[in-house]
Amino acid sequence: MAILNVTPDSFSDGGRFIDPAKAAERARQMVAEGADIIDVGAESTRPNAQPVPAEEELRRLLPVLASLKDIGVPISVDTQKPEVADDCLQAGARIINDVTGLRHPAMAGVIARHHAACVIMHMRGTPLDMQQQTAYTDVVAEVRAYLAQRIELARAAGITDIAIDPGIGFAKEIRHNFEILKRFDEFTTLGCPVVAGPSRKRFLGTLADMEPVGNRLEGTIAAVAIAVLNGAKVIRVHDIAQTRRAIAVAEAVRNA
Ligand code: HH2
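Cut-offs applied
- Residues numbered from 1 in each chain as written.
- Predicted model: local features only at pLDDT ≥ 70, side-chain atom pairs only at ≥ 80, totals over all residues.
- Heavy atoms only, no water.
- 1 Å grid on protein atoms, 1.4 Å probe; cavity = no way out; pocket = protein on both sides within 12 Å on 5 of 7 lines; lining within 4 Å.
- Points joined across faces, edges and corners; volume = space filled by probe spheres on them.
- Nonpolar A, V, L, I, M, F, W, Y, C, P; charged D, E, K, R; others polar.
- Near = heavy atom within 4 Å.
- Polar contact = N/O pair within 3.5 Å; in protein donor to acceptor, adjacent residues only side chain to side chain.
- Areas by Shrake-Rupley, 256 points an atom, 1.4 Å probe, with all protein chains shown as cover.
- Sits in = over half its atoms within 2 Å of the grid points.
- Helix = DSSP H or I, 4+ residues; strand = E, 2+ residues; numbered from the N terminus.
- Phe/Tyr/Trp six-rings, centres within 6.5 Å; stacked < 30°, edge-to-face > 60°.
- Buried < 20%, exposed > 50% of the residue type's maximum accessible area, 1.4 Å probe, protein only.
- Salt bridge = Lys/Arg side-chain N within 4 Å of Asp/Glu carboxyl O.

Describing empty space enclosed by the protein
The full count for this structure, using the stated rule, is 1 cavity of 30 Å³ or more. Volume-wise, the largest cavity comes out at about 40 Å³. Glu43, Thr45, Glu57, Asp78, Thr79, Gln80 and Val99 together form the lining of the largest cavity. Of the residues that constitute the lining of the largest cavity, the class distribution is 1 nonpolar, 3 polar and 3 charged.

Side note on the site of the ligand
In the neighbourhood of the ligand, 18 residues make up the surrounding shell, with Ser10, Ser44, Thr45, Asp165 and Lys201 lying closest. Between the ligand and Ser44 there is a distance of 2.7 Å, counted from an oxygen atom to a side-chain nitrogen or oxygen. Within the backbone of Gly197, an N or O atom sits 3.4 Å from an oxygen atom of the ligand. Coverage of the ligand by the protein amounts to 98% of the 490 Å² it exposes when considered alone. If you map the ligand onto the pockets, it falls in the largest pocket. Contributing elements (two or more residues each) for the shell around the ligand: β1 (2-5) and β5 (117-121). Here the residues of the shell around the ligand sort into 6 nonpolar, 7 polar and 5 charged.

A look at the packing of aromatic side chains
Across all of its chains, the model carries 2 aromatic pairs by this definition. Ring centres 5.7 Å apart and planes at 70° place the aromatic pair Phe184 and Phe187 in the edge-to-face group. Look at Phe187 and you get buried, because its relative accessible area is 0%.

A look at the pattern of salt bridges
Pairing of side chains with opposite charge becomes possible as their charged atoms draw close. Enumeration according to the criterion identifies 17 salt bridges in this entry. The closest approach of N and O atoms between Glu251 and Arg254, which form a salt bridge, is 3.9 Å. On the criterion of helical spacing, the pair formed by Glu251 and Arg254 is a turn pair, its members being 3 residues apart in helix α9 (residues 240-254). Take Glu251: its relative accessible area is 34%, and that puts it in the partly exposed class. Salt bridges sharing common partners tie together Asp138, Glu179, Arg183 and Glu186.

These figures capture arrangement, not role.
If you want it as structure tokens, here you go:
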């Protein structure tokens, strides 16, 4: 799952693809490098990111979706707003990637009505306050229980194509992210494909020489390999060709 942020403020690629033509070109390049899904986002969710109104999100997303109609892989939209999801699914998107895990009461119904797929991610609070909500007794068990309950909600609304994501970097202490990677297989027993999104994230920056964000490719790849070995089925990243090669090795080991 290739990340395409059409935002001015995303933590690693903000401002690079805000022009729809540049965004479409980047999407095509990522497909050529082996991306199976393009995940387009128009609202940054990095810690302390400011919320974006629905009209502005749509103003950023719809021209990109229009120019990706023939791209040949499913388009996912990273949004937590049902009105944005509705218009984007109408415009050809097939997946809604909701970092709030279908928190808005209308979201599941919109996805079901379009017969679309969803990614349910775990977080607490909002990007403005999530890093003050990081107390867990057992992070993996608590995130897993939350995801189990959200899968039930999605199914009850009529969504059949569901993936789950423990939300690396969202309302987590640094050490929680490492524990999630180590125990990633525990999420796979929920019966849905599990997504891992470690790409270039801050938890890597605490280790050897991985500050600034441009120094995190190798660390991302190590995290991806561990996630795949531990059962991750979808990997959300910025760097496609390099990640593809790493996934191939991790999959070969997993299947050996
Ligand atoms: N991470 C980010 C955004 N959306 N969705 C899922 N399912 N899983 C993730 O881990 C995830 C996500 C944050 O990363 P990014 O899109 O690179 O940055 P920003 O939120 O600043 O645009």
